[in-house]
Amino acid sequence: MTAIDEIRVMAGAIPDPELPALTIADLGILRDVRIDAAGHVDIDITPTYSGCPALETIREDVERRVRGQGYADVTVRVVLSPAWTTEWMSEAGRIKLREYGIAPPRAQGFDLKPLTVAVECPRCDSTRTHEVAHFGSTQCQAVRRCDACGETFPHFKEH
Amino acid sequence: MTLVVAGAAAVYTLRIADDCLVLSHRLAQWSSWAPALEDDVALTNIALDLLGQARAMYARTAELDGTGRSEDDYAFMREEREFVNCQLVEQENGDFARTIVRQLLCSTWQLSQWQALTTSTDAQVAAVAARAVKEAAYHRDHATDWTLRLGDGTDESHRRMETALDTLWPFVDELFESDPVTRDVVTSGVGPDPETLRREWDAYVGHVLADATLTVPESSWKPSGGRRGLHTEPFGYMLAEMQHLHRSFPGVTW
């Protein structure tokens, strides 16, 4: 494994502070890792939402973890472009999110095609669900209710 | 401490940052006071989005004016006359109806503005806009839903919405004003001509108000001056509360 791969795996495995079931690699927050000739490590991360309060914690976690593995010279940068979208979330991330009880964002493609599939209840798989509130416990979630099993559940909004 | 911002692009990004920060602070004042838990969560989530947008635009302003000032310098160390937000965002929350009307008027305009800014020649501004445009769409949806429910609701909710519209409508014109700064950013391709956003705004807001059985007010009074640092009375009180902790305890952290 090259040093870049090693750092990518190590940093990518850091859990998201607000969704600890998922790693920052699952969410697509870890964007790029570079090492220059002098051994300086540059890591790019991207915010999911403009005001995401977890980002600073993530930045510190990444820096600490990579330094702890013997890379003394590390810079973690927050990059805004290209803007994060839920399309950056990995398939593994979507599965973990569902197992955690949160309906994952529906695949939309980077060209943001109109959504045609229903949001499925993460508990009973019913497609008969409706939105209760646009805004939930974090910026990225809405609240829905399942008409089949009656359960209320969070939905990771397509963004 | 006097902060002078040089260059049209820097002034322009500062205006957007101030709009977002001031509206964010107003919405944050609803925390623990909203009529239902869902809306307490919604209003503070919207406030958080706006705060994030403000921070990104303050950071860009600091790069453009070459001073490298911190976000805190802009937010906490400027006097009232140095803020260049429009006057609509600084208006008091009032009752829930007034906050919703302010949200409808502001978020409809902000959504159009962010959409236009996604093609800004300033790559940083375009990147912020690509994120913000999706957030603003949710903000507008939220305000639209509530406008329909309250406008076409009970006699009391309808009356309160009409009162709120009459109170806030005069501040709309300022959103679409042009001046040397906006003309400069149009030339450089950094931002849109504010006047070009008007037609879409009129169409959307007009449509929502009609569906909500509300009447578009007639107004002859057109206050203005926020972009030149002239603000209405409630703003000073808001700033005093917002800035006092940072100024009383310099360098304080959580």
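J.: Is there a simple way to think about the overall build of chain B in this case?
T.: Looking only at helices and strands, one finds 10 helices and 0 strands in chain B. Along its sequence from the N terminus, chain B presents helices and strands in the succession α-α-α-α-α-α-α-α-α-α. Taking 254 residues into account, the globule formula puts the C-alpha radius of gyration at 18 Å, and chain B, at 18 Å, falls close to it. Seen along its three principal axes, the alpha-carbon backbone of chain B occupies a region of about 55 × 45 × 35 Å. Relative to its full complement of 254 residues, chain B shows a buried share of 47%. Taking the contacts inside chain B whose residues are at least 6 apart along the sequence as the reference set, 76% of them involve residues at least 24 apart.

J.: Help me out: how do you make sense of the overall build of chain A in this one?
T.: Across its full length, chain A holds 4 helices and 6 strands. Along the chain direction, N to C, the helices and strands of chain A fall in the order α-α-β-β-α-β-α-β-β-β. Evaluated residue by residue, chain A yields a buried proportion of 37% over its 159 residues. Of the contacts formed within chain A by residues at least 6 apart in sequence, a portion of 49% connects residues at least 24 apart.

J.: Would you take a moment to explain the pairing of strand 1 (residues 30-35) of chain A for this structure?
T.: Two faces belong to every sheet, and in a regular strand the side chains alternate between them. By the bridge criterion, 5 bridges tie strand 1 of chain A to strand 2 (residues 41-45) of chain A in an arrangement that is antiparallel. Bridging across to strand 2 of chain A, Asp 32 of chain A finds its partner in Asp 44 of chain A.

J.: Can you help me understand the interface of chain B and chain A in this one?
T.: Where interface size is given, it is often the accessible area lost as the parts come together that is meant. Taken residue by residue, the interface counts 22 residues in chain B and 13 residues in chain A. Broken down by secondary-structure element, the contributors of at least two residues to the side of chain B that touches chain A are helix 2 (37-64) and helix 6 (123-151) of chain B. In terms of residues, the side of chain B that touches chain A owes the most to one element, helix 6 of chain B, which gives 12 residues. Residues of the side of chain B that touches chain A, tallied by class, amount to 11 nonpolar, 5 polar and 6 charged.

J.: Can you help me understand the domain arrangement of chain A in this one?
T.: All names here are of chain A. Domain boundaries in chain A define domain 1 (3-84) and domain 2 (89-156). The interface is formed by 10 residues belonging to domain 1 together with 10 residues belonging to domain 2. Of the residues assigned to the side of domain 1 that touches domain 2, the class counts are 5 nonpolar, 3 polar and 2 charged.

J.: Where do I start with the sheet that holds strand 2 of chain A in this structure?
T.: Backbone-to-backbone hydrogen bonds join strands into a sheet, with any given pair of strands oriented parallel or antiparallel. All names here are of chain A. Taken in spatial order, the 3 strands of this open sheet run 1-2-3, and their pairing is mixed. Two strands close off the open sheet at either side, each with one partner strand: strand 1 and strand 3 (74-78). Each strand axis lies, on average, 15° off the axis of its neighbour in the sheet, ignoring direction. Helix 1 (residues 3-12) contacts strand 1 and strand 2 of the sheet and is inclined by roughly 145° relative to strand 1. The sheet strands contacting helix 3 (residues 55-68) are strand 2 and strand 3, and the helix crosses strand 3 at an angle near 160°.

J.: Whenever I open this one, unusual backbone geometry confuses me. Can you help?
T.: A negative phi angle characterises most non-glycine residues, just as the trans form characterises most peptide bonds. Cis geometry is found at the peptide bond from Ser 81 of chain A to Pro 82 of chain A, where omega equals -5°. Among the secondary structure elements, Pro 82 of chain A is positioned in the loop between strand 3 and helix 4 (91-99). With phi around 70°, Asp 125 of chain A is a residue other than glycine that occupies positive phi space. The phi angle at Thr 213 of chain B is positive, at roughly 55°, despite the residue not being glycine. Mapped onto the elements, Thr 213 of chain B comes out in the loop between helix 9 (198-211) and helix 10 (233-248). Judged by C-beta crowding, with 13 C-beta atoms within 10 Å, Thr 213 of chain B ranks as partly exposed.

J.: Help me understand the packing of helix 5 (residues 96-117) of chain B against helix 9 of chain B, please; the structure alone is not making it clear to me.
T.: The axes of two packed helices give the description: the angle between them and the distance between them. Residues and elements named next belong to chain B. Between helix 5 and helix 9, the least distance of the axes is 10 Å, while the angle of their chain directions is 145°. Crossing geometry of helix 5 relative to helix 9 is assigned as right-handed. Where helix 5 approaches helix 9, its residues Leu 104, Leu 105, Thr 108, Trp 109 and Ser 112 are matched on the opposing element by Glu 200, Trp 201, Tyr 204, Val 205 and Val 208. Residue classes in the contact of helix 5 with helix 9 are distributed as 7 nonpolar, 2 polar and 1 charged.

J.: Would you mind going over the pairing of strand 5 (residues 141-146) of chain A with me for this structure?
T.: All names here are of chain A. Taken together, the 4 bridges between strand 4 (residues 129-133) and strand 5 define a ladder with antiparallel strand orientation. Along strand 5, the bridge assignment pairs Thr 129 with Cys 146. Relative to strand 6 (residues 152-156), strand 5 runs antiparallel, the two sharing 5 bridges. Across the sheet, Gln 141 pairs through a bridge with Phe 156, a residue of strand 6. Remark: 5 residues form the turn of the hairpin made by strand 5 and strand 6, two consecutive strands paired antiparallel; Gly 150 in that turn has positive phi of roughly 80°.

Rules of the game
Residues numbered from 1 in each chain as written. Chains lettered and ligands numbered in written order. Predicted model: local features only at pLDDT ≥ 70, side-chain atom pairs only at ≥ 80, totals over all residues. Helix = DSSP H or I, 4+ residues; strand = E, 2+ residues; numbered from the N terminus. Rg over C-alpha atoms; globule rule 2.2 N^0.38 Å. Buried ≥ 20, exposed ≤ 12 C-beta atoms within 10 Å, placed from the backbone. Contact = placed C-beta atoms within 7 Å. Pairing = 2+ DSSP bridges. Nonpolar A, V, L, I, M, F, W, Y, C, P; charged D, E, K, R; others polar. Domains from an automatic or database assignment. Axes fitted to C-alpha atoms, helices over the stretch in contact; angles between N-to-C directions. Left-handed = near helix turned anticlockwise from the far one by under 90°.

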